[in-house]
Structure formats: structure tokens, C-alpha cells
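# Understanding the architecture of this molecule
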Amino acid sequence: MREHNEPIIQFQNVTKVFPGVKALEEVSFEVKKGEIHALLGENGAGKSTLLNILHGVYTEYEGSVRLKKNIAQFKSANDAIEQGISKVHQEVSIIPEITVGQNIVLGYEPKRGFLIDYKTLHEKANHILSRLNCNFKSEDMANTLSTGEMQMVAIAKAIYHKAEVISFDEPTASLSTKETKALFKIINELKNDGMTIIYVSHRLEEIFEICDRASILRDGKFVDSLSVSDITKEELIKKMVGRDVSSFAVRNKQGLVKDDEVVLEVENLTLSNVFENISFQLKKGEILGFSGLVGSKRTDVLRTVFGAEKKTSGSIKLNGKEVNIASPEKAVQLGIGLIPENRKTQGFVKYFDNANNIGLTKLEKFTKFGLLQHNKKTKNCEHYVNEINLRPVDPHYMTVNLSGGNQQKVVISKWLSSDAEVLILDEPTKGVDVGAKAEIYRVLEELLEKGKSIIIISSELPEVLGMSDRIIVMREGKKVKELDNKQLTEEDILQYAMGVNNHESKIG
Ligand SMILES: Nc1ncnc2c1ncn2[C@@H]1O[C@H](COP(=O)(O)OP(=O)(O)OP(=O)(O)O)[C@@H](O)[C@H]1O
Ligand SMILES: [Mg+2]
């Protein structure tokens, strides 16, 4: 047997129960040495829970995990790291106030006597950083790094600890296309050096691009392990979801736009040093897409429309009347809703259950003679729980205990159930699984039929192309192009977004 066919990790009948939920049930499969192994499943399938067990974060569970055939009973996350199991997760835990090098060696600093040996520390760290082709130094402060660079620091940390296995949990969710490419190059190099990679992502194209094999979980149970080259995207989705789902963003109904009814009109909106002279119209029944690379300031423009940033100049008209949106509260009063990209920190109340979080934007509706009618609120929640397939199906489950993707579904439902006329969604399906994506697209179409208007900011080109009636492309704080979404291709948008289009590059 060739060496890379040896199992390095074996999950054997792993079961993990949280109060009221069986997150994992008798999960058994193995990861072979030197492979890039995808861990797949819908939101709430149990992927992060299984990784947390592997990394010693959860120490209480049934069944066993074997590392190179021996039972691995990690007592803590550090214990796992010391035994060669490291992780690079989406919310990278970097301490901003110290240097890059200090972050890499944190807790395991080289010492001379009792003192930290900074010379050796930076030497070692710089050695690893240059191996990773990073263009920042161990001596740099961590707070100067971009998200992609912070991930490189997490990888450097794994290398410092001589990791044999590294897991990545949705690593590309906040990365630009360029950063994603760089990350994939590194992952392949780590593999060539004999490291084993476990890779979690909802972006299936990535699985086909870099993974060798995949294991699939559904509702906490193991479904299958297979070679990626032996399966199509559709077959993979079917195994994850248990039914046929279209993985594409497609509009079922066209022609809902009322051309003569402009709902929102933004003119020459400027936020000093961030973006300038942005003008656009949003029509009734329309989805307007905002495209552009990470850093093109799309989010800033719409946060300013929403009153979360104070505009320097420009005007905003709602249904033909100039309005002064001085704060998000004012925007909500006027019927504008914004679903932020960073839903975990901006999207829901930590101490509320699902029914309360989803009901947040229309509490007054559930109130009679000043008293909150709990059953009405629960009913409202149940409607959306079904519509977007929230798991577990429980209005009284605490949102904070849901899986990442399910938390996002709660935040989206909150706004879908509101009375907003204009909904702005920033990366609406980030971290959301394929099945739920299709469900969210359907809900958006329903809103259009009800005469609402929608703005989507999205880095996923198939999503902007598939869902929008018109697309605005931004680059470096400027609007470079407004496109009617007919016969557009992903390449067209990318050209404008990157400024490589001959004609447009003169404008930008
Ligand atoms: N700390 C916790 N307390 C209670 N329930 C939890 C906790 N962590 C996870 N769960 C539940 O366990 C199940 C599996 O969650 P997990 O986070 O592992 O899913 P996931 O596959 O990583 O999903 P996603 O793709 O959305 O990140 C979910 O039903 C979730 O609600
Ligand atoms: Mg997860």
C-alpha cells in the first residue's frame, strides 16, 4: 500500500449530543494521509462540530477519534495542536495589538532563560512567512493585515507547530478572488509536503478544484466518502441534500419591473475618501445587483444609503421625495432594510430565541393593548422556519446555538418578514448551503411579486448574473458601469470590475 493511502485520522462511531439536538450520530469515516479531504453537508449537518471534536475543543462525546491508528483523547485545543492537528478557521483568532511573529508563536515563544528570545522568534517566523510567499514580515503589527493575510498567519502558526493535519472551515468566505487563488496554491504546496488537509466549504466549485476525496454528512449522519473525480456536482448536491436541487441562481419570473416607478433614487452620493459621485435608480419590482471586487466600496455605498455612515454630499429620494436618512433607525422607519454581511456580529440578538429574532422588525404588529402576543410571533417564525428550512425546526431555539449558516437564515428571515419596501442584502448567501440558497432566491422572488425592490451586493458572479435585472459595477469607490442584465457573462463583469476593459479603463 502506498504511503498516502494510509489513514491518518479515523472517526469511529462519533456521536455528539447538545441539549435537544443530536449534532452527530455514529459518524465513521477516515481521512488518508497526504490528501485534501472535503467535509461537506448542509447548514447544521455537523461539520464544525466534528472539527471541534478533532481539535480538542469538545472533549465530551461518544465514539473515538484515532490519529495514526492510536486513540486520540485530546484534553484541549492546545493538546491537539501539540500533537500535530491545527486549524485555520474563517473567524481567524489573531491578536491585533501584537506583531505577526508573536501571533505565530503565541504561547510557545522561543526563550533564552526566562526571557522571550525575540531575535530567534522573528527569524523563525520570517522563515515560515517567506516559505508561504507572504509580502509582510514577522515584525509587522497584526492589525495592519487583510483577512487573507491573517489567514496566512494562521497557516504559518500551523507550520510552526509542525502540523500534520490542518483543517480549513470555510476559509474563502471573506477572501477576494486573488487571495483565494493564493490560498489554493499554498494548500497544494502543503499537500506536496505531505500534509493532510480537511477542507470545509459551501462553494462546490472549490471542492472540484482542490480536493481529492470528500465525505458527506447529512443531519449529523455520515452519508458517503468518495473520490471527487468520480462524481458530478449534481450528484454531490443530491448526496448532501437528499433530493434534487438546482444549484444555480435563476429567476423563474421575469418582467416584474415597473419602469415608470422609481422607488429609490441616489444622486452623486459621496463619502469623502471612500467613494464619490455614485448615482443610481432602483425601480419597483426590481433586483439591482452591485458587483465589484472586494474593496470596491460597494458595502460603504449602501451603508451610507441606509444611514449607517454619514454622507459627505449627494441626495437620496424615496418615491420621488428627498429624504434625510440620518440613522439606520430612520431608514427602517422609511421602509429600508439592510441585511449586513457580517451577520454574526450585526445581525441578531444573542440572548433571543429564533422567534424573537425573526420578529424583531415588526414587534409592534404582535402587540395588542401594549401586550406582546407570543403565539402570533411564534406563528410568524414558524412560517419562515419552513420557508427557509431552518434547522432545528424550533422557534424557541436560541439563535446563538445554531450552526453558522442557520444563523444567517434567521437574520434573513427577520428582514423578509419585515414591511420594508426596499431591501438591501450584502452577500445574502455567504456561508449558506446550496439547498437554502435556492430557498432564499425563491423568497426574494416572492418579495418582488409583492412589489418590493431589492438591492443585492454579491461577490458570487453567478448570483448577481442570475438574480439581477440590472447590474452596477464598482471599482475603487467609483461606479464604472451600469449594465442591463441581458446576455452578460461573468467575464464581462470581471473586466469592468478589474479595469482591464480597454474602453472602460480610461474612465476608471
Ligand atoms: N454549542 C451548541 N449548543 C447547542 N447546539 C449546537 C451547538 N453547536 C452546534 N449545535 C447544533 O448542532 C448541529 C450541527 O451544527 P454545526 O455547527 O456542526 O453545523 P455545520 O455543518 O458546521 O453547519 P454550517 O454549514 O451552517 O456551518 C446544529 O443543529 C446546531 O444547531
Ligand atoms: Mg460550520
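A brief look at the structure comes next. (Residues numbered from 1 in each chain as written. Chains lettered and ligands numbered in written order. Predicted model: local features only at pLDDT ≥ 70, side-chain atom pairs only at ≥ 80, totals over all residues. Heavy atoms only, no water.)

### A short note on the overall build of the protein
For clarity, the cut-off: Helix numbers and strand numbers start at the N terminus; a helix is a DSSP run of H or I with at least 4 residues, a strand a run of E with at least 2. Note that the radius of gyration is over C-alpha atoms, with the globule rule given as 2.2 Å times the number of residues to the power 0.38. Between two residues, a contact is recorded if the distance between any of their heavy atoms is within 4.5 Å.
Helix and strand counts for the protein stand at 18 helices and 24 strands. For the protein, whose C-alpha radius of gyration is 24 Å, the value lies close to the compact-globule estimate of 23 Å for 508 residues. Its C-alpha atoms give the protein principal-axis dimensions of about 70 × 55 × 50 Å. Looking at the protein alone, contacts between residues at least 24 apart form 66% of all its contacts between residues at least 6 apart.

### Some details on the sheet that holds strand β15 (residues 287-292)
Quick reminder of the rule: Strand pairing follows a simple DSSP-based rule, namely that at least 2 bridges must link the two strands. Here, axes are lines fitted to C-alpha atoms. For helices the fit covers the stretch in contact, and angles between N-to-C directions go from 0 to 180 degrees.
The strand order across the open sheet formed by 6 strands is β18-β21-β22-β15-β23-β24, and the pairing between neighbours is mixed. Unpaired on one side and paired on the other, β18 (336-339) and β24 (478-484) mark the two borders of the sheet. Within the sheet, the average angular offset between the axes of one strand and its neighbour, ignoring direction, is 15°. With 5 bridges connecting them, strand β21 (residues 422-426) and strand β22 (residues 453-457) associate as parallel partners. If you follow Leu-425 over to β22, its bridge partner there is Ile-456. Helix α14 (residues 404-416) rests against β18 and β21 of the sheet, and its axis sits at about 175° to β18.

### A closer look at the pattern of salt bridges
It is possible for side chains bearing opposite charge to pair when their charged atoms get close. Quick note on the threshold: Here a salt bridge means any side-chain nitrogen of Lys or Arg lying within 4 Å of a carboxyl oxygen belonging to Asp or Glu. Throughout this description, buried means an accessible area under 20% of the type-specific maximum (1.4 Å probe, protein chains only), exposed means over 50%, and partly exposed covers the range between.
A full pass over the atoms with the stated rule returns 22 salt bridges. Between Glu-205 and Lys-233 there is a salt bridge whose closest N-O contact spans 3.8 Å. One end of the pair, Glu-205, is in helix α7 (residues 204-210); the other, Lys-233, is in helix α8 (residues 233-241), with 28 residues separating them in the sequence. Given the relative accessible area of 22%, Lys-233 is considered partly exposed. Measuring nitrogen to oxygen at the nearest pair gives 3.9 Å for the salt bridge that ties Glu-427 to Arg-298. Placement of the pair is Glu-427 in the loop between β21 and α15 (434-449) and Arg-298 in helix α9 (residues 298-305), with a sequence separation of 129 residues.

### A few points about empty space enclosed by the protein
Rules: A 1.4 Å probe that fits into a set of points on a 1 Å grid over the protein atoms alone but cannot get out defines a cavity; an open set with protein on both sides within 12 Å along at least five of seven lines defines a pocket, and lining residues are those with an atom within 4 Å of a point. Grid points are joined across faces, edges and corners, and a volume is the space filled by probe spheres set on the points. Any residue that is not Ala, Val, Leu, Ile, Met, Phe, Trp, Tyr, Cys, Pro, Asp, Glu, Lys or Arg is counted as polar, Gly included; the first ten are nonpolar and the last four charged.
This model, assessed by the stated rule, comprises 2 cavities of 30 Å³ or more. There is about 100 Å³ of room inside the largest cavity. Taken together, Glu-170, Thr-172, Ala-173, Ser-201, His-202, Arg-203, Thr-429, Lys-430, Gly-431, Val-432, Lys-437 and Glu-460 make up the full set of residues lining the largest cavity. Of the residues belonging to the lining of the largest cavity, the class tally is 2 nonpolar, 5 polar and 5 charged. As a volume, the second largest cavity reaches approximately 40 Å³. Along the walls of the second largest cavity sit Ile-53, Leu-54, Gly-56, Tyr-58, Tyr-61, Val-65, Ala-72, Gln-73 and Phe-74, which together make up its complete lining. Across the lining of the second largest cavity, the residue classes break down as 7 nonpolar, 2 polar and no charged.

### Quick look at α8
Here is the rule we go by: The arc in question is the one spanned by the directions pointing from the helix axis to the C-beta atoms.
Residues of α8 that are buried include every one of Leu-236, Ile-237, Met-240 and Val-241, and no others. Projection of α8 onto a plane perpendicular to its axis shows the buried side chains occupying an angular sector of 115°, all on one side. Next to the buried residues of α8 lie β3 (36-40), α7, β11 (213-218), β12 (221-227) and α15. Downstream of α8 by a residue or two, Gly-242 has a phi angle that is positive, lying close to 80°.

### Some thoughts on the nonpolar core
Cut-off, in case you're wondering: Joining through side-chain atoms within 4.5 Å is the link that ties buried Ala, Val, Leu, Ile, Met, Phe, Trp, Tyr and Cys residues into a set, and such a set is a nonpolar core.
Of all hydrophobic cores here, the largest spans 51 residues; its most connected members are Leu-40, Ile-104, Ile-155, Phe-168 and Tyr-199. Ranked by residues supplied to this core, first place goes to helix α5 (residues 147-160) with 8 residues. In contact with Phe-168, other than residues within four places in its own chain, are Val-88, Ile-155, Leu-183, Ile-187, Ile-197, Ile-198, Tyr-199 and Val-200. Within the second largest apolar cluster, 32 residues are counted, among which are Ala-355, Leu-402, Val-410 and Leu-444.

### A few points about the sheet that holds strand β4 (residues 62-67)
With antiparallel pairing, the 4 strands of this open sheet are ordered in space as β2-β1-β4-β5. At either margin of the open sheet sits one strand with a lone partner, and together these are β2 (21-32) and β5 (70-71). Pairing analysis gives 2 bridges linking β4 to β5, with the strands arranged antiparallel. Counterpart to Leu-67 in the pairing with β5 is Asn-70.

### Describing the pairing of β24
With 6 bridges connecting them, strand β23 (residues 470-475) and β24 associate as antiparallel partners. Note that in β24 the partner of Met-474 across the bridge is Lys-479. What sits between the antiparallel neighbours β23 and β24 is a turn of 2 residues, in which Glu-476 has the positive phi angle 45°.

### Regarding the environment of Ile-197
With respect to the secondary-structure elements, Ile-197 resides in strand β10 (residues 196-200). When its relative accessible area of 0% is taken as the criterion, Ile-197 is described as buried. Between the C-alpha atoms of Ile-197 and His-37, which are 160 residues apart in sequence, the distance is 6.0 Å. With sequence-adjacent residues up to four places away left out, Ile-197 is seen in contact with Glu-35, Ile-36, His-37, Ile-166, Phe-168, Ile-187 and Leu-190.

### Section: the site of ligand 1
Rules: The rule for a residue being near a molecule or strand is that one of its heavy atoms must lie within 4 Å of it. Polar contacts here mean pairs of N or O atoms no more than 3.5 Å apart (in protein, one a potential hydrogen donor and the other a potential acceptor; neighbouring residues in sequence count only if both atoms are side-chain atoms). Surface accessibility in these figures is a Shrake-Rupley result with a 1.4 Å probe; residues are shielded only by whichever protein chains are displayed.
In the vicinity of ligand 1 lie 20 residues, with Gly-44, Lys-47, Thr-49, Ser-403 and Gly-405 positioned nearest. Here Gly-46 contributes a backbone N or O atom positioned 2.9 Å from an oxygen atom of ligand 1. One of the side-chain nitrogen or oxygen atoms of Ser-403 is found 2.7 Å away from an oxygen atom of ligand 1. Considering ligand 1 on its own, with 640 Å² of exposed area, one finds that the protein chains cover 88% of that surface. For the shell around ligand 1, the elements supplying multiple residues, two or more each, are β2, α1 (47-54) and α14. Class assignment of the residues belonging to the shell around ligand 1 gives a composition of 7 nonpolar, 10 polar and 3 charged.

### Overview of the environment of Glu-170
With respect to the secondary-structure elements, Glu-170 resides in the loop between β9 (165-169) and α6 (177-192). Residues Glu-170 and Thr-147 lie 23 residues apart in sequence; the distance between their C-alpha atoms is 13 Å.

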